[in-house]
Every structure is written in C-alpha cells, then in structure tokens.
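Close look at the chain arrangement
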Amino acid sequence: MSIRTPESTAHVSYPPPKEFSASAHIKSLDEYRRLYDRSIKDPEGFWGEVATDCHFFKKWDRVVKWNLPDAQWFVGGQTNISYNCLDLQIERGRGDHTAILWEGEPCDDRGEPREIRRISYRELHREVCRFANGLTALGVRKGDRVTLYMPMVPELAIAMLACARIGAPHSVIFGGFSSQAILDRVQDAESHYIVTADGGWRRGSIVPLKANVDEACNMTDLVKKVVVLRRCENEVTMKDGRDVWWHDAVKGASDQCPAEPLDAEHMLFLLYTSGSTGKPKGILHTTAGYMVYTMYTAKLIFDLKPDDVYWCTADIGWITGHSYIVYGPLQNGVTTVMYEGAPNHPAWDRFWAMIARHKVTKFYTAPTAIRAFMKQGTEWPARHDLSSLKLLGTVGEPINPAAWEWYHHNIGHEKCPIVDTWWQTETGGALITPLPGATPTKPGSATLPFFGIDPAIVTKDGGEQKGAASGLLVIRKPWPGMLRGIYGDPERFRKQYWSEMPGVYFTGDGARRDEDGYYWITGRVDDVIKVAGHRLGTAEVESALVSNPKVAEAAVVGFPDDLTGEAIAAFVTLKGGVKPDESIKDELKKHVSSHLGAIARPKDIRFTDALPKTRSGKIMRRLLRELATKGRVEGDTTTLEDFTTIAKLRDDDA
Ligand code: WT7
C-alpha cells in the first residue's frame, strides 16, 4: 500500500451522484463558483448574510476588521454559541429531537452495547443549564479558563456548552494524554478549574483519568476545584475542599441559566496543539466568527438536513470534535452521534454495527482508521446494513487513493460522495473541501477552497505560483473561523503564522495544485509529524527523550508508514558509559508514552555516537529522514560537522 499520491490517479474523477445533487444545499459546480466568486469579491456582504442564520443578542456594526495579523469578526455584536446550539434550536421546534445519540463502549457477551443514551435538545438544554449553574456555584466566572479532561461521554459536550454559556473558555485535553500534558496545559492557561471523570472505557480497560489529574495537581497549586463525573465506578481519592462529584455539583441546581450575551470576540476556547518548538501552543478561538464558520461549513460540507444522523468519529479532545461533533452539528439542529471507545472493540465491526443500529446517514472519520479497516478485510463491513449512509468524509491527513477507493466501494457502496476536508486546529473549520452535491472528487485531493477562502501556492521566498504548481500553502484573506492568537504569546503567533510569508497566513503544509485548480496536500513542511492524524512536534518528543537520564541527545523525524501515514523514528545518543541495547529501546519508548501519551511513542529507535549537524549546529533532519525512510543517505553531506556519524549510521543499517 502506498501512502504517496501517484500522479497517475490525478485524472480520475467522480461526479457527485445526481440524486444527491438534486436535493443538496449547493447543487452544481456552477453554483459553487458563482457563490465562491461573490464570497471573495465581497466577503463582508457574504458573511454578513450567512450570519443572519445565527442568533445575536446585538447585531454587529462591522462584519470584519483586519489589522494584520489581528482579525475581528462581527465587531460590536453580542452572541452566545451555547444559545445557538440549544435555545435557538428549541425555538425552531427541535426541542424533542435527539441532539446527542451516545453509545458507551462496554458490550454484553452477544456484542450488544450496554448503554445507549438519546438526549433531546430540550434535555441537553436543561443539563447544560444545571451544570453551568453548578460551575458558577463553585466560583467559575466569565473569562476563567476551565480544563476539561474527560472520556467521550455526553457530559463532555454538556461541560463545553455550560462553559460557553457563562463565558468561561474551555480547554479540552485529550483523554489519552498523560499527567505531564495536563500540568503543562493547566499552567499555560492558568486554569483554576478542572472537570474530569473517575475513568473512561477504552478497549475494555479503564483509563484512570482522575488519578492522572491528581498527579498533575500534585505538581502545581493552581487548581482550586476538580469536578469528577462518576463513569466507571473505579476507585478514586477525593481531596477535601478541592474535589467535588459532578452529581453533587448539580444537586439542586436550577435548570434555568440564561445564556450570557458575549462580545463577538470573547474567548470561546483554547485548544493546545503541537508546533515546531517543545512547548504546545494554546490555539485561541473566539465566539462569533467560529460560531458562524462552524455552523455554515457543517451545513454545506455534510449537507446537513433535519433528519440526519451524523457521526464524526473523532475525539472531542481534537478540533475536529469541537467543530464537527459539538458546535457545527448542534447549530444545525441534527442528531450528532458520540461513541466512547475504540473502533475495534469488541471486534473490528463496531463502527459498521453502529451505523446499522442507528441508521447513520453521514459518517466522518480519519484515513488511518480507514486503512486499519482495510487491513481487516471487507467481510467486517459486509456483515452490516450500511444502506442508511448518504455521505462519507475524511480528515486529519492525506488519504491515499487506494484507501479512498476502498472507502468508496465497501462503505459508501458507490453511492455516497466523499468529502476529503483539509483544515487545522488553527483554522477552526474546513478550508479546502468538496461540497458533496457540487464538486467532482478526485481520490486523494481535498479539491477546492470553501467560500471566502483564498489559498495560494508560494515558493520558499514567497513568490506566488500560478496555475498548476507545487509549493507552500498559504491563505491570503482572513476567514471567520481563524485562530485569534496563541494564548499568552502574541509574538509566537506573529512569527509562526504571519512572518514566513509577509501578509499571508502560513499553513505549514505543502501542496500541489493541478490543472483543474484542485489542491493535493502533500504534508507538513515544518517540524510537525502526523501520526495517525495526530499532530506531534519533533521537539516535544525530543525533550521527552532527553528527560530520560540515560539520554544525552535525541533527534526525531517522521517516516512513511502504511497504516499511520507517518511514524516516529528517534535517533538517540546515550550518555557515556550507557551501553545501547534492545531493553533501552523499550525503556525509551515507554518513557515517551508516559510523558506525552501513547500516540507519541517512537516506532523506531536508533542509537548513534553523535547526531549529524551542520556547521552552525543545526540537526540535519533531512538526512535523518532519508535514513529512517530508506535506511541509507544519498544527499549532499558536505556541510556535516561529523562525517563519521553518517558513515556509522549507514553501517549500522547495512
Ligand atoms: C494538519 C492539521 C483538521 C482537523 C484535524 C487535524 C493535516 C488535515 C487533512 C486532509 C491532508 C490534512 C495537515 C494539517 N491534514 N486534514 N484532508 N488532507 N492533510 O488538525 O491536528 O491541527 O492538524 O493535518 O497537515 O496542517 P490538526
């Protein structure tokens, strides 16, 4: 299986199915192009009109103010995204409709799920209000950052919507992260409040979430209150005065809590992600622009209709879950499916069984998952009735054409358009994506820009490439869902995104544009690795490695992997006197997992006497990448400080 996109497939094109187009929000490529032109020529008019579908307590004075790199959207307006997800839907008559359809992981011995919950918009509204009142009673105020470290249960969405309701920005931490990651994020966000659970189910075992929080709290005295949801009934220690059970926090709380009118640019949430340095950055999103952008992209890209049962399999700990499990779908009044556990528990057909059980109509997942299913064989999906499906989506990493075709044939049964959506934590919502009723798709291409998005391909010196070309992907105009900063670090924000090419947003991705104007994302051009769609900074993994007392120096690179897209290779220099052997490799892999979580575990560790560096001391990652990929080095090595290193690495491998 090859992950790279063979040029030869670039001409393969699938028109949107006719029946789909006939009832779609956007019905043809012509209609797309007309609207697109307008959105680029008159962004204020365009977005001003889109935003009239949302509820504002006070209308904006201006649609956008752009003072590079600072954008403000719907300036002067006041709104609340929790109101738009709940109250507005109830006003529209959706109160009794299922908002969240949740399935827990544990199954009985016949493989049937033990727990399914259907929560209507009205019930969700009530629970959100109660929890918002509970948070307020614990001392949480508008502007306070609340850390959410939870399993994939409805209470996570409830907590987010409760925070949004009172104007307390949330900072969700993926439940697979370790206590060190919690500590770093709590400290960076100066967050005094954490919401967690006793544990969460994953592949039949309990992830000890509360114990991880305790460990993090032992290393800081920032945390004043920890709210603990009872989920797995595993034993936990509750600290007097600090820890409160969720059910006690909401006991007697009123189910009325009017949504706070918030300034359009009020901070809605922080979400930490990896960059090119060792320190994760708190990506800052604000209220109105993010709200309008997620509402509209979810509606058009997934072609949402009132009866849709829409399922995005991401974890809410990532931006995909924020935008396209919680905020986007709920603003469209549809049923959003949430699943707690692993795709292969109790067996490799869990997803397909769930699609059949709940008659899922729109399904959005990651290329790595598709490749994993592909490996297990077509008999797993073939056992289930997937005829409810109308649309498929992918996100997180480039999808190789072979996996695209497999998805198209075995899951979509050739009748579902596939939307390959390119975007980032920073972008808030999808920027380059097909519109399912309008855009002919090409396997492996994210196709064309969404409305208002003005991408360009530039050379390293910033020179714009016209027509069919390859280079760095930049975005030239602000869009409503864009990040507003890196929390507490305006300088890094400017440097990271706005200085590489003056005046434009630098994505960090490379891309090719073909003769039809279609974009093919080729992957990161910075020191970020995408492992199974998860984003990891090489520097983060390196600093985890050198925190082990046996390690003197480490360099980490990505290399292609048939399943996870990329995998991590670590080149490690041990301290004097430490003898390299297999057991140290295992120890180091475990060490990284416990510091950063299992997704950061290196697949390959190689020992070396010294790392190859340029004369100025920069690690020559290109060489290491080549070595990790091909096992040998062919490039120019004349700027190496230590030629013997490369020779040694090469020998070791031969
Ligand atoms: C990076 C952003 C978008 C939410 C999940 C990931 C890669 C994302 C695609 C796609 C090719 C993709 C890019 C991007 N990426 N979607 N459809 N095709 N590459 O968010 O963790 O912020 O990662 O994911 O490299 O820069 P993220």
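Only a predicted model underlies this, so the values are computations on that prediction, with no experimental measurement involved. (Residues numbered from 1 in each chain as written. Predicted model: local features only at pLDDT ≥ 70, side-chain atom pairs only at ≥ 80, totals over all residues. Heavy atoms only, no water.)

Some remarks on the nonpolar core
Worth spelling out the cut-off: Residues belong to one nonpolar core when they are buried, are Ala, Val, Leu, Ile, Met, Phe, Trp, Tyr or Cys, and are joined through side-chain atoms within 4.5 Å. Between buried and exposed lies partly exposed: a residue is buried under 20% and exposed over 50% of the maximum accessible area for its type, with that area taken using a 1.4 Å probe on protein chains only. Reported domain spans reflect what an automatic or database domain assignment gives. Any two residues whose heavy atoms approach within 4.5 Å at even a single point are treated as in contact.
Trp47 and Phe74 are the most contacted members of the largest nonpolar core, which totals 141 residues. Each of domain 1 (7-427) and domain 2 (455-524) accounts for three or more of the residues forming this core. If sequence neighbours within four positions are ignored, Phe74 has contacts with Trp47, Ala51, Phe56, Trp60, Arg62, Val63, Ala264, Ala288, Gly289 and Val292. Listed in part, the 26 residues of the second largest apolar core include Trp311, Val337, Ala369 and Ala403.

Observations regarding the site of the ligand
Note the cut-off: Nearness is judged by heavy atoms alone; a residue qualifies as near a molecule or strand once a single heavy atom is within 4 Å of it. Within 3.5 Å is the distance limit for a polar contact, defined as a pair of N or O atoms, with the added protein rule that one can donate a hydrogen and the other accept it, and that residues adjacent in sequence qualify only through two side-chain atoms. Shrake-Rupley sampling with a 1.4 Å probe provides the accessible areas, and residues are treated as covered by the protein chains on show and by no other component. Helix numbers and strand numbers start at the N terminus; a helix is a DSSP run of H or I with at least 4 residues, a strand a run of E with at least 2.
Not every one of the 17 residues close to the ligand is listed here, only the nearest: Asp420, Thr421, Thr425, Asp509 and Arg535. With respect to the ligand, the backbone of Glu397 contributes an N or O atom lying 3.4 Å from a nitrogen atom. Taking Pro398, its main chain carries an N or O atom lying 3.4 Å from a nitrogen atom of the ligand. Burial of the ligand by the surrounding chains reaches 95%, relative to a free accessible area of 550 Å². Within the residue set of the shell around the ligand, elements represented by two or more residues are helix H12 (319-331), strand E21 (418-421) and strand E27 (519-524).

Notes on the environment of Lys590
Following the sequence through the fold, Lys590 ends up in helix H19 (residues 582-596). Overall, the relative accessible area of 56% leaves Lys590 in the exposed class.

Side note on the sheet that holds strand E15 (residues 267-273)
To be explicit about the condition: When DSSP finds at least two bridges between two strands, those strands are taken to pair.
Read across the open sheet, the eight strands follow the order E13-E12-E9-E7-E8-E15-E16-E25; overall the sheet is mixed. In this open sheet, the two edge strands, each paired with only one partner strand, are strand E13 (243-245) and strand E25 (485-486). As paired strands, strand E9 (residues 193-197) and strand E12 (residues 225-229) are joined by five bridges and run parallel to one another. Note on E12: the bridge partner recorded for Thr196 is Val228.

Topic: empty space enclosed by the protein
Rolling a probe over the atoms, with the probe sized like a water molecule, indicates the empty space that remains. This is how the line gets drawn: Only protein atoms enter the calculation, which uses a 1 Å grid: trapped sets of points that fit a 1.4 Å probe without letting it out are cavities, open sets showing protein on both sides within 12 Å along at least five of seven lines are pockets, and any residue with an atom within 4 Å of a point is a lining residue. Grid points are joined across faces, edges and corners, and a volume is the space filled by probe spheres set on the points.
Scanning all chains against the criterion turns up one cavity of 30 Å³ or more. Of the volumes computed, that of the largest cavity is approximately 50 Å³. Along the wall of the largest cavity there are 13 residues; nearest its centre are Lys281, Gln496, Tyr497, Arg524 and Asp526. For the lining of the largest cavity, the element with the highest residue contribution is strand E26 (residues 505-513), accounting for three residues. Two domains each provide a minimum of three residues to the lining of the largest cavity, namely domain 1 (7-427) and domain 2 (455-524).

Regarding the pairing of strand E18 (residues 335-339)
Definition in use: With strands facing away from the observer, any crossover in which the path from the first strand over the helix to the second runs clockwise is taken as right-handed.
By the criterion of burial, E18 is predominantly enclosed, with five of the five residues buried. Alignment of strand E5 (residues 98-103) against E18, held across four bridges, turns out to be parallel. For Ile100, the partnering residue across the bridge sits in E18 and is Thr336. Examined bridge by bridge, strand E17 (residues 309-312) and E18 share three bridges and lie parallel to one another. Residue pairing for E18: Trp311 is matched across the bridge by Val337. Read as a crossover between parallel neighbours, the route from E17 over H12 to E18 is right-handed.

Note that all results are geometric; they support no functional claim without further evidence.
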